[in-house]
Structures are given as structure tokens and as C-alpha cells.
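# Observations on the model geometry
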Number of protein chains: 2
Amino acid sequence: METITIKDIAKLCGVAVSTVSRAINNHPDINEETKSMIMKVIKEKNYIPNNSARNLKRLDSNTIAVLIKGITNPLFSSIIKTFEVEIKKKKYSFILQRVEDKEDELDVAIELAKEKKLKGIVFLGGHFVHSDEKQMQLKVPFVLSTIGSNQQINKTICSSVAVDDFKESYKMVNYLCGLGHRKIAIITASIDDGSIGNLRLNGYLQALKDNGIEVNDKLIRYMKDDIETYSMENGYCVAKELIDSQEDFTAIYAICDTLAIGACKAIFDAGKKVPQDYSVAGFDGLDIAKYYNPSITTIRQPVEDMAQSTINILFDMIRKKTSAQHVLFQGELVVGDSTKLI
Amino acid sequence: METITIKDIAKLCGVAVSTVSRAINNHPDINEETKSMIMKVIKEKNYIPNNSARNLKRLDSNTIAVLIKGITNPLFSSIIKTFEVEIKKKKYSFILQRVEDKEDELDVAIELAKEKKLKGIVFLGGHFVHSDEKQMQLKVPFVLSTIGSNQQINKTICSSVAVDDFKESYKMVNYLCGLGHRKIAIITASIDDGSIGNLRLNGYLQALKDNGIEVNDKLIRYMKDDIETYSMENGYCVAKELIDSQEDFTAIYAICDTLAIGACKAIFDAGKKVPQDYSVAGFDGLDIAKYYNPSITTIRQPVEDMAQSTINILFDMIRKKTSAQHVLFQGELVVGDSTKLI
């Protein structure tokens, strides 16, 4: 169908374009009768105001999809916002598709790419363990964003943007050792986790080793499977168990800030203080780490830069047909009030 | 095109179906040569594994869209999860579309409904101020979820699910008055806010009035426009100004928990204590309100129930063609450690 313009509507109604616009925008300064007459014509002619038309175009034309695992992760909020801004700058549109933990993100991506004629895809969060063959079924460029770089990923097929989870985790635990802590507990992902949980655990183990500290398996604690992963509640329950176990420790390192906050609360509820009785450290650099009481010592991921880099790489692959790129960002150790010398 | 099944692939390759499945799922227990041969055929035939086919169907067939304003709002995370579960139960699929603060959600909805042949829409968050005529351009049933019921909404056109923001806000301020507070500051939305900010402010004013407390305009503080609204940072800055103003007050009521947490931090940074020096109360009942130190006195919104009711109402409208329904849920006053008697 050929598009009807606001001018056509104005002509049909025998009023000025500005009047039609006032009617559409529900402007007070317009006669009710005139307005309803205009709206009637608009409905008859199925006229779509310009901004709607823009949206229509926006939804049809060049589209990037972001497949997100773990939408409850506060870390992703600012990443998504940056994605949207950067994608708009490129005059592309943006679909946000939530993928369930148990769902196969690559299957979703392959079909979404076909159905929406996507130009590119960003995978945000979760693991990413797929055969090369299967990855090659995805015919559009894609970037793994903040997904722990996994050995099983063929680095020639897809790009990735992340921090070095091993190195940053090492940095934090090494810092705690520097404060004199030798009995450092860790709250990490379940043993079979193939992604960041594993990398951050390995960083912990290496840091202990390099500081001549023997690993105490009783201080390695895993998130509960029956509680939402990476949630404050999970951190609370795991830390409570640790405290109740009477196992001796002076610091808890949780592999994300939400877990660290849950751990702090468990310590308070046990009648103890942070950092006077126990030091607590997290990872990610969420806002709440700064606003918590005490503020949480953490590794800040430069999420805005990482998000920007993700989009730049994706568009290099789309427009300049560049080959896959892999960028590791530096995390920043942010010292809060939750850790102290012993 | 007619669909190729895994059986067809097995036949073409002269192997068992289980072998094809092992190849697809990158099972270790399969000969590499066989695998690549199978993957080659799969690619040639453009075969889509079943679960992908499911996704394809899922993305095509009966679809509900959720248009969300303020994706950074932690309150929405659990709502979205419940939406997805409930929508799946109904054998419908689910699109999550982020709408920018300044964007017109109704324009986006109207086009999305056409393009995706949506069966229904949920608007989550934000304001919703549109003319009846414009709302009538949206031809599919829609429900406003956790959007402050606004006078300008024609209740015969759309359904709504929310708490009574006026009443719940009144409940909280009345509680603070009951603790003996008479100089209660409020951190609320900018004066021109048409939605929950206004309703919660009015609840505050009415509660003061009914408790015979004269309103002190200097204690009514608005979020900064140049900082992300409803953020901890915004609450921090507004509370800091309030404290620095030397205006006398004994309690701060923030219209959401994130603002309340920012306010607490500002109080700590001023060398004061919560609740010993100032009581602080929030609204929403976020997890962090429970895990913060001290835990924040708040109004818990029954988000799971509200999300479930939203979907039930939407499907009543879709399937039983019922007319618009409007459900107000009871909030629960959750007393934390952030408020005390004076």
C-alpha cells in the first residue's frame, strides 16, 4: 500500500497540517469536534504518524540481535544501554532476545538470524560451548560479550570481548594475600561450570600457590544449584554454611558482587562485622558495591568500553568483512571498606 | 520448503539416527570423520535440529510482546521471568522490546503489533499518557503492568495491574508518623512526573495531613534530571543536598529502594548512622532492601502475583474476549532495621 502522509490527512479533513499534528499529539489547544473528526479520518485511512513510521522502518531494516542469558544480572543493564546507543549511531535497529539458562543460545540465534534477516548478533552472558560445525551454521558475524573465553571456542569463527577472568581473579586474591590473609574462602560457580566460574576459581588457586598458601578444599564453596545462581540469596546461604562449619577463615572472595553482598549479610546476621571480623571481596564493580555499607572491594569491569568495543568489532566484521577479533580488557581493582589488613 | 528430519539425514549418511544426534550435540563418543561427514550433509540440506525448529515455531507463532521502559529497574527482572513462564504455559511465544524513556511506547507497540502479528501486549514500567483515539489504534489487547494508574487512562480500553501507589505510599508515611517522626523528607520524581512519582507524593502529603503535620516544602526533594532516574546515585545526590542544607529532619522516605540506598550511603558519608540519626524508608521490596546493611523498611510489591495476574488478564482478553480489567494489589509493609522510634 502507498503511504498516506499527514498532508493527505490535512487535505481530506480540510484543516492545516499543524491541526492534524495537534490532534495526533492530543494537544489541548484544539476543538474536540475537529479532533475526533481528524482521528476518525486517520483511522479510516490507517495513517501512521511519522515517528511510528520510523519505528516501523527501525524494526524492519538492518537489525542486530542481542541474545542475553541472565537478564537479572545488573552488570548487563548498562551494557545493553550502551549497545542500544552504539547500534543506533550505526543506523541499525536492535532486538533484545532473552535466552533461558537451559536454552541453547546458538539454536535460537540461528533461527532468529534467518527469521529477522539479522546482520549480526551479540551473545551476552552465559557459557558458550558449541562445536565449530554448529557455530558455522550461524551465517552472520557474532561477538561473545562478557562470556568467559573458553578453550572450546574456535577463535577464527567468532569474536569476543571480555576481561581476563583468570588474571583479574588472581589480582584480587593476590591483593587479599598482600593484606596478610592466608585463610581465604571462595564462593564460586558449581564444579561443572565451563565458563567464568572456572576461570575465576583457577585465578584464586594460582594466587594462593604463588603466595605459598596451601589450598584448603573446605574453603572452596560452590553456589547452590537450587537457588538462583549469582544471587544475593545464594551468596547468603553459602556463606552461612561456611560460618556455621566453624572452618577457620579471615576473608571471603565471592566471584561476583551480588554473592559478596549476600555473604556480608550472612556475616552480619552471625553477629560479626565486615571487615573487622572478616574481609569480603567481590567481582564486577556493580553500583551497589559502591553504595553498600561497607562499600565492597571489587574488580571493576569497564562495561561501557567493553560494550562499545563489542559493537565496533561486530560492525567491522559486518562492513569491512574483517576476521574475528578477541579483546581482553583490564579490570580495575577498586578497594572498598570491606577488606582490611590483618 | 518441506522440513528435513533427522531420519532423512541418517538415511542420507547411512548411519543411525543416534549417530546424527551425537554429531549434532558434539558428543565425544563419535568418529571425527563420520561427524564431519554428517555435519556436511546437515549443512548442505540446511537441516534444522528439532529444538531449533521449536525455536523457529516459537518465534513465528502466537506471540506476546512485552514493552519495557527502564530495563535497569531490578523490580522488573522477576516480573519478566514470571511473564516468560506464564506465556510459555499458554503455548505462546514472547518478545521483549526495550523502549527508551523518551520514546513513545504506544507508537512502538502499534507497529510491532502489525509487524509481528502480535496477539497481545504488556506495557511494563514508565508512564502511559495517550489519547483514547491513539490507544484505539492499537488493535490488540494490552495490559499496563506496574504503571501508576493514571487519570488520563480510559479504563475501558486497556487493562492494568498495579499496587495502589497512593495508598501504599500513605501506609509507609503513616507508619513513620506512628514511630513519632514529624519531620519526614521525601525523595520523589520530578514535579512534572505524571505517574507513580506523583501518586506516591500525594500519599505522603495526605498521610502528613491526617497526622496533623504541616508540610515543609523544603523537605520535598526531587530526583535530579541529569542523573539516571530511580538510581542509587540520584538518591545519594539528593540526600546529600538535603543533609548539607541543614534543614531539620528525622526521616527520609524515598519512593523506591534504590533511591533509599543512595540516601543511606549519603548519611553514612556524612558521618551519621541509620537509623540512630536518621530513619530511612523505601518502596518496592527489592532483594537488596533485605540484604542491605541495615535492611531497608519498604513496601513490598507482590511482583510474582502481579506478573501472573497481568498474563491471566491478557489471555482472558485474547481468548475469552473479556473487557478490560483493573486489578490493584496490596503492598506489604516490610519493617527493616533502617527505621526506629523517636
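Residues numbered from 1 in each chain as written. Chains lettered and ligands numbered in written order. Predicted model: local features only at pLDDT ≥ 70, side-chain atom pairs only at ≥ 80, totals over all residues. Heavy atoms only, no water.

## Quick look at the relation of the copies chain A and chain B
This is how the line gets drawn: All copies are superposed by least squares; the fitting set is the C-alpha atoms of residues with a pLDDT of at least 70 in both.
You can overlay chain A on chain B at an RMSD of 0.1 Å; the transform is a turn of 180 degrees with a shift of 0.0 Å along its axis. Overall, the copies show the geometry of a two-fold rotation axis.

## A look at the pattern of salt bridges
Residue and element names in this part refer to chain B. Short version of the rule: Salt bridges are counted wherever a side-chain nitrogen of Lys or Arg sits within 4 Å of a carboxyl oxygen of Asp or Glu. Under the DSSP-based scheme used, a helix requires at least four consecutive residues in state H or I and a strand at least two consecutive residues in state E, with every element numbered from the N terminus. With a 1.4 Å probe rolled over the protein chains alone, any residue whose accessible area is under 20% of its type maximum counts as buried; one over 50% counts as exposed, and the rest are partly exposed.
Within the structure shown, the criterion is met by 32 salt bridges over all chains. Note that Asp284 and Arg200 form a salt bridge whose closest N and O atoms lie 3.9 Å from each other. You can see Asp284 sitting in the loop between strand E9 (279-281) and helix H12 (287-291) and its partner Arg200 sitting in helix H9 (residues 196-210), a full 84 residues away along the chain. Both residues of the pair, Asp284 and Arg200, count as buried. Here Lys240 and Asp244 are joined by a salt bridge, their closest N and O atoms 2.9 Å apart. Of this pair, Lys240 and Asp244 both sit in helix H10 (residues 232-244), four residues apart, which is roughly one turn of that helix.

## Description of the interface of chain A and chain B
As a reminder of what qualifies: A contact between two residues is defined here by any heavy atoms of the two lying within 4.5 Å. Take the accessible area each of two parts loses on contact, using a 1.4 Å probe, and add the two losses: that sum is the buried area.
Taken residue by residue, the interface counts 58 residues in chain A and 57 residues in chain B. When chain A packs against chain B, the two sides together hide about 5300 Å² of surface, and 54% of this comes from carbon and sulfur. Three residues stand out in chain A for area buried against chain B, namely Arg98(A), Glu111(A) and Tyr291(A), and they jointly supply 13% of the buried area on that side. Where chain A packs against chain B, one counts four salt bridges. As a salt-bridge pair, Lys81(B) and Glu228(A) come within 3.6 Å of each other at their nearest N and O atoms.

## Concerning a negative patch on the surface
Which entries qualify depends on this criterion: Without a salt bridge and with relative accessible area above 30%, a residue can belong to a patch; like charges are then joined within 9 Å and nonpolar side chains (Val, Leu, Ile, Met, Phe, Trp, Tyr) within 5 Å. Each accessible area is a Shrake-Rupley estimate made with a 1.4 Å probe; only the visible protein chains count as cover when residues are assessed. Charge assignment: positive for Lys and Arg, negative for Asp and Glu; neither His nor the chain ends contribute. To locate a charge, take atom NZ for lysine, CZ for arginine, CG for aspartate or CD for glutamate.
A cluster of acidic side chains, namely Asp225(A), Asp226(A), Glu233(A) and Asp287(B), defines a negative patch on the protein surface. Within the secondary structure, Asp226(A) sits in the loop between strand E7 (220-222) and helix H10 (232-244). Look at Asp226(A) and you get exposed, because its relative accessible area is 70%.

## Some thoughts on unusual backbone geometry
Trans is the common state for peptide bonds, and a negative phi is the common state for residues other than glycine. Following Val274(A), the chain continues to Pro275(A) via a peptide bond in cis, the omega torsion being 5 degrees. Residue placement: Pro275(A) occurs in the loop between helix H11 (257-269) and strand E9 (279-281). Of note, Lys91(A) is a non-glycine position whose phi angle comes to about 65 degrees, a positive value. Positive phi, normally seen in glycine, also occurs at Asp284(B), with a value near 125 degrees.

## Re helix H5 (residues 74-89) of chain A
Convention followed: Each residue after the first adds 1.5 Å to the expected span of a helix. Here a polar contact means two N or O atoms within 3.5 Å. Within protein one must be a hydrogen donor candidate and the other an acceptor candidate, and residues neighboring in sequence count only if both atoms are side-chain atoms.
With 16 residues, H5(A) extends 24 Å between its outermost C-alpha atoms, agreeing within 8% with the 22 Å of an ideal straight helix rising 1.5 Å per residue. Those residues of H5(A) that are buried lie in contact with strand E1 (63-69), strand E2 (93-99), strand E3 (120-124), strand E4 (142-145) and helix H13 (303-319) of chain A together with strand E2 (93-99) of chain B. Of the residues flanking the start of H5(A), the one acting as N-cap is Asn73(A), its side-chain oxygen 2.8 Å from the backbone nitrogen of Leu75(A). Positive backbone phi, at 65 degrees, marks Lys91(A), one or two positions downstream of H5(A).

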